[in-house]
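# Structure at a glance
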Amino acid sequence: MADTATADIETLVFGVDALSHDILSRLPEGTAPTIESLVDGGASGPLESQLPPWTPSAWPTIYTGVNPGKHGIYGFLRFEGYDWDVVNATDIHEYTLWELLSQRGRTSIVVNAPVTHPPPTFDGALIPGYIAPEDPECHPDGLLDEVREAIGEYRLYNKQLSDGATKAERVAGYEDVVGMRGRAFRYLLERETPDMGFVQFQQSDT
């Protein structure tokens, strides 16, 4: 799987949302050859999620290393009395992996990790993921424009979700978004040559 973009990274983390060991084991052989090769060539097994097992609380648990009771996000919404809003990165009360690495002189690039908008300041680059706005603030400023200029279109969400869209159009839209993640991640790997890369794919959950 290594190529010129990933060969020099000390740590590479990629997440495929909702693709549990149970689901992967039921897919026909050859459906996901890259993931299958990683499973066959390494150690794998079923893991329990944290509670509650929702995207906005589970992913911060992954990249902070603590449970929701410590990082502070339990679901999609936060409440102040009867008022509510969608959670964002300012609701996370612990340092992220990339912030901890930055404190130790290491660089990171992060693409599409959920609940990372607005991004913190750290040594590296970050394009936020799920529940961020379609044109989110990135780190450093101007990064999203640079990425779009380098790779072409980059979106957070599938634009083929209108009421009249066919199943084939919706699937094609999701495939487009997945491709954008990969192109952006590879571009930033070559631009930054980081110590750690973190990329997440959300469309598998959908």
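Presented here is a report on the structure given in the accompanying data block. This one's a predicted model, so the numbers in the text were calculated from it and none came from an experiment. (Residues numbered from 1 in each chain as written. Predicted model: local features only at pLDDT ≥ 70, side-chain atom pairs only at ≥ 80, totals over all residues. Heavy atoms only, no water.)

### Remarks on the overall build of the chain
The number of helices and strands found in the chain is seven helices and six strands. Listed N to C, the secondary structure of the chain is β-α-α-α-α-β-β-α-β-β-α-α-β in terms of helices and strands. Relative to its length of 206 residues, the chain is compact, with a C-alpha radius of gyration of 17 Å against a globular reference of 17 Å. Expressed as a percentage of the 206 residues in the chain, the buried residues total 39%. Counting contacts in the chain only where the partners sit at least 6 residues apart, residues at least 24 apart contribute 50% of the total. Per element, the accessible surface of the chain, about 11700 Å² overall, is 52% carbon and sulfur. For the chain, the centre of its 14 positive side-chain charges and the centre of its 32 negative side-chain charges are spaced 2 Å apart. (Helix = DSSP H or I, 4+ residues; strand = E, 2+ residues; numbered from the N terminus. Rg over C-alpha atoms; globule rule 2.2 N^0.38 Å. Buried < 20%, exposed > 50% of the residue type's maximum accessible area, 1.4 Å probe, protein only. Contact = heavy atoms within 4.5 Å. Areas by Shrake-Rupley, 256 points an atom, 1.4 Å probe, with all protein chains shown as cover. Lys, Arg positive; Asp, Glu negative; His and termini not counted. Charge placed at Lys NZ, Arg CZ, Asp CG, Glu CD.)

### Here we look at the packing of helix α6 (residues 143–151) against helix α7 (residues 167–192)
Look at α6 against α7: their axes get within 10 Å of each other, and the N-to-C directions meet at 105 degrees. Between α6 and α7, the angle is such that the two are roughly perpendicular. For the pair α6 and α7, the contacting residues are Leu-143, Glu-146, Val-147, Ala-150 and Ile-151 in the first and Met-180, Arg-183, Ala-184, Tyr-187, Leu-188 and Arg-191 in the second. (Axes fitted to C-alpha atoms, helices over the stretch in contact; angles between N-to-C directions. Parallel < 35°, antiparallel > 145°, perpendicular 65-115°, else oblique.)

### A look at a nonpolar patch on the surface
Together, Trp-54, Phe-76, Leu-77, Phe-79, Trp-84 and Val-86 line one region of the surface with nonpolar side chains, adding up to about 630 Å² of accessible area. Listed by contribution, the elements that provide at least two residues to the nonpolar patch are β2 (77–80) and β3 (83–86). As for its placement among the helices and strands, Val-86 is situated in strand β3. (Patch = residues over 30% accessible without salt bridge, like charges linked within 9 Å, V, L, I, M, F, W, Y side chains within 5 Å. Salt bridge = Lys/Arg side-chain N within 4 Å of Asp/Glu carboxyl O.)

### Description of unusual backbone geometry
Leaving glycine out, the prevailing phi sign among residues is negative, and the prevailing peptide bond configuration is trans. Each neighbour pair has its own omega, and for Leu-51 with Pro-52 the value is -5 degrees, a cis peptide bond. Position of Pro-52 relative to the elements: it lies in the loop between α2 (33–41) and α3 (55–64). Of note, the bond from His-117 into Pro-118 is cis; its omega dihedral lies within 30 degrees of zero at -5 degrees. Among the secondary structure elements, Pro-118 is positioned in the loop between β4 (108–111) and β5 (124–127). Of note, the phi angle at Asn-112 is positive, near 75 degrees, even though the residue is not glycine.

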